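# A closer look at the structure
Listed below are the residues making up each chain.
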Amino acid sequence: MNNLLNRTRAAVWHPCTQMKALEAAPPLAIARGEGAWLIDTDGRRYLDAISSWWVNLFGHCNPRINAAIVDQLGKIEHVMLAGATHAPVVELSERLAALTGLGHAFYGSDGASATEIALKMSAHYWRNSGQPAKNGFISLRNGYHGETVGALSVTDIPLFKDTYAPLLRHTVQVPTPDARLAEPGESAEAFALRCADALEAYLAEHAATTAAFIVEPLLQAAAGMAMYHPVYLSRARALCDQYEVHLIADEIAVGFGRTGTMFACEQAPPLSPAGAGIQTVRPDFICLSKGITGGYLPLSAVLTTDEVYAAFYGDATAKGFLHSHSYTGNPLACRAALAVLDIFETDRVIAANREKSTEFTRILAEVAAHPRVLNFRALGMIWAFEVADATPGFAAHFHWLALAQGVFIRPIGNTVYLMPPYVTSSDAMRGVAQTLLTGLDQREI
Ligand SMILES: Cc1ncc(COP(=O)(O)O)c(C=O)c1O
């Protein structure tokens, strides 16, 4: 194992990592995975309580996803998607369209590439529609949409953004409805509506130069699992309609059941009783990635409306969406995604997770009641809380303490969160709860 750690430090530049820190804190050397568990090269087991950067849904080495990929390997591993097509990408596009109410799936690789695609498509739509001045973007304060240059321009996390500020395009951030920021006595809903007023004030002045508002529905994950009232989405949709600005739903982290519905936007309430029963928020673009392949292979997709698609359709080449990535619509990744959708259907995952979510919240009740725990919150298969009196090195210390007890978690600042694979058992969750309690009792971290 030491050999592997030395070699990784010499040969691999790890993501989002100050490499010098690996001298004191080497990465886990993982040999294999089994359901919700990661197993290192010494045979030690760790519960993957954050689903390997929020991508894993149905466990590591899932037999059904494995089988789909193996089957596809015997057919075609990859073919470029310009000038060719294949059954997995067509079937996946049809099924995603049926699930989202959007269509014309355009594929990328990682989440950030989906953000880039949505931003470019939106601005290009307005250009094709004779309004080239509509090329500005709005996002939420503390939002995160990826770290390529375009995506970073609409991201608002100083640690990731400030260094690259000279490279980035100017964008505007409007107040986040993060419920933790509500005034004392103000409900999450009232606060969300107040924040939507700020969005309206901006749109009222700048709609003529604004292409789109990009938002992480219900949960700003990288901001520290900030949750907000779904009425914000309903208002944002209504305002984007009123001011003719696209709404881009970045469901990269929250899509595929994470918040309790297949897509987070589904939870937006109607703004009047007359709208009950009708899906209130259909974004103009939806960005999907992470869980789409169950955490197996890099794949992202952007789906949009017929209206957007039609604005690109014509005889002029430059009017088309001339954007590409070599691995666009990779057949192996699409087969993994199809296997994931099959599991959702056959195992009735959304309904099963509803019970699991309630059960896990019950298991975490003692954690929620711990005197150091602030803002304990749960949404679907996500749990988070802040830790009072955390030391400056809290995140690293808590991570190591949990690891020693067989739980893989990575707090964001003083926010501890769990985003486990959906196959996590109640017993495993009881173990996580014990680990969290042990960590919270260590006053010195
Ligand atoms: C909401 C959201 N958008 C975009 C991204 C970027 O995805 P990727 O890391 O795959 O580029 C992330 C990643 O965490 C995310 O949470």
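What counts, and at which threshold
- Residues numbered from 1 in each chain as written.
- Predicted model: local features only at pLDDT ≥ 70, side-chain atom pairs only at ≥ 80, totals over all residues.
- Heavy atoms only, no water.
- Helix = DSSP H or I, 4+ residues; strand = E, 2+ residues; numbered from the N terminus.
- Rg over C-alpha atoms; globule rule 2.2 N^0.38 Å.
- Buried < 20%, exposed > 50% of the residue type's maximum accessible area, 1.4 Å probe, protein only.
- Near = heavy atom within 4 Å.
- Polar contact = N/O pair within 3.5 Å; in protein donor to acceptor, adjacent residues only side chain to side chain.
- Areas by Shrake-Rupley, 256 points an atom, 1.4 Å probe, with all protein chains shown as cover.
- Nonpolar A, V, L, I, M, F, W, Y, C, P; charged D, E, K, R; others polar.
- Patch = residues over 30% accessible without salt bridge, like charges linked within 9 Å, V, L, I, M, F, W, Y side chains within 5 Å.
- Salt bridge = Lys/Arg side-chain N within 4 Å of Asp/Glu carboxyl O.
- Pairing = 2+ DSSP bridges.
- Axes fitted to C-alpha atoms, helices over the stretch in contact; angles between N-to-C directions.
- pLDDT = per-residue confidence, 0-100.
- Core = buried A, V, L, I, M, F, W, Y, C linked by side-chain atoms within 4.5 Å.
- Contact = heavy atoms within 4.5 Å.
- Expected span 1.5 Å × (residues − 1).
- Arc of directions from axis to C-beta.
- Phe/Tyr/Trp six-rings, centres within 6.5 Å; stacked < 30°, edge-to-face > 60°.

### Thoughts on the overall build of the chain
Helices and strands together make up the secondary structure of the chain, namely 16 helices and 16 strands. Whereas a compact globule of 445 residues would reach a radius of gyration of roughly 22 Å, the chain reaches 22 Å, a difference of no more than 12%. Its C-alpha atoms give the chain principal-axis dimensions of roughly 60 × 60 × 45 Å. Burial statistics for the chain: of 445 residues in total, 53% are counted as buried.

### Notes on the site of the ligand
The environment of the ligand is made up of Trp54, Asp110, Gly111, Ala112, Tyr144, His145, Gly146, Glu216, Asp250, Ile252, Ala253 and Lys290. Here alanine 112 contributes a backbone N or O atom positioned 2.8 Å from an oxygen atom of the ligand. At 3.0 Å from an oxygen atom of the ligand is found a side-chain nitrogen or oxygen belonging to lysine 290. Look at the ligand: alone it shows 390 Å² of surface, and the protein chains cover 84% of it. For the shell around the ligand, the residue count by class is 5 nonpolar, 3 polar and 4 charged.

### Topic: a nonpolar patch on the surface
Side chains of Val149, Tyr164 and Leu167 sit close together on the surface and give an oily, nonpolar patch of about 290 Å² of accessible area. Secondary-structure assignment places tyrosine 164 in the loop between helix H8 (158–161) and strand E6 (172–174).

### Brief notes about the sheet that holds strand E16 (residues 415–418)
Spatial ordering of the open sheet is given by E13-E14-E16, a layout of 3 strands whose pairing is antiparallel. Bordering the open sheet on either side are strand E13 (373–379) and E16, each of which pairs with just one other strand. The mean inter-strand angle of the sheet, taken between neighbouring strand axes irrespective of direction, is 15°. Relative to E16, strand E14 (residues 382–387) runs antiparallel, the two being bridged by 4 bridges. Residue pairing for E16: tryptophan 383 is matched across the bridge by leucine 418.

### Looking at the confidence of the model for the chain
Averaged over all residues, the pLDDT of the chain is 97; the fraction at 70 or higher stands at 100%. In the model of the chain, helix H1 (residues 2–11) stands out as the element of lowest mean pLDDT, 91, in contrast to strand E7 (residues 210–215), which has the highest, 99.

### Let's talk about the nonpolar core
One recurring pattern in soluble globular proteins is that nonpolar side chains are buried together. Judged by nonpolar contacts, the single largest core of 113 residues is most densely connected at Leu96, Phe213, Tyr232, Phe256, Ile409 and Leu436. Considering every element that reaches this core, the biggest residue donor is helix H12 (residues 331–346), with 11 residues. The residues touching phenylalanine 213, leaving out its near neighbours within four places in the chain, are Ile138, Ser139, Leu140, Val174, Leu199, Tyr232, Ala236, Cys240, Val245, His246, Leu247 and Ile248. Ala114, Ile117, Met121 and Val302 belong to the second-largest nonpolar core, a separate cluster that totals 23 residues.

### Focus on the pairing of strand E3 (residues 45–48)
Each regular strand shows side chains that alternate between the opposite faces of the sheet. Across 3 bridges, the pairing between strand E2 (residues 37–40) and E3 is antiparallel. Across the sheet, isoleucine 39 pairs through a bridge with arginine 45, a residue of E3. Remark: 4 residues form the turn of the hairpin made by E2 and E3, two consecutive strands paired antiparallel; glycine 43 in that turn has positive phi of roughly 85°. Here E3 runs beside strand E15 (residues 407–408); their pairing, made up of 2 bridges, is parallel. Among the inter-strand pairings, leucine 47 is bridged to a residue of E15, identified as valine 407.

### Overview of helix H13 (residues 349–363)
The end-to-end C-alpha distance of H13 is 20 Å, a good match for the 21 Å that 15 residues give at a rise of 1.5 Å each. Looking at H13, one finds that the buried residues are Val349, Asn353, Ser357, Phe360 and Ile363. Within H13, the buried residues cover an arc of 120° as seen down the axis, which keeps them to one side. Exposed and oriented more than 90 degrees from the buried face of H13 are Arg354, Glu355, Thr358 and Arg362. Those residues of H13 that are buried lie in contact with H12, helix H14 (365–368), E14 and helix H16 (426–441).

### Section: the pattern of salt bridges
In total, this model carries 19 salt bridges according to the counting rule given. Arginine 45 serves as the salt-bridge partner of glutamate 34, at 3.3 Å between the closest nitrogen and oxygen. A residue pair is termed long-range when its members are at least 10 positions apart, and glutamate 34 in strand E1 (residues 30–34) and arginine 45 in strand E3 qualify at 11 residues. Here glutamate 34 falls in the partly exposed class, since its relative accessible area comes to 38%.

### A closer look at the packing of aromatic side chains
As enumerated under the stated definition, the model contains 15 aromatic pairs in all. Each ring, one from tyrosine 228 and one from tyrosine 232, has its centre 5.8 Å from the other, and the planes form 85°; the classification is edge-to-face. By relative accessible area, tyrosine 228 is classed as buried at 5%. Taken together, Phe58, Phe344 and Tyr422 form an aromatic cluster joined through their ring pairs.

### Quick word on the side chain of serine 357
Positionally, serine 357 belongs in helix H13. Judged by its relative accessible area of 14%, serine 357 falls in the buried class. Beyond its immediate sequence surroundings of up to four residues, serine 357 is in contact with Gly380, Met381 and Trp383.

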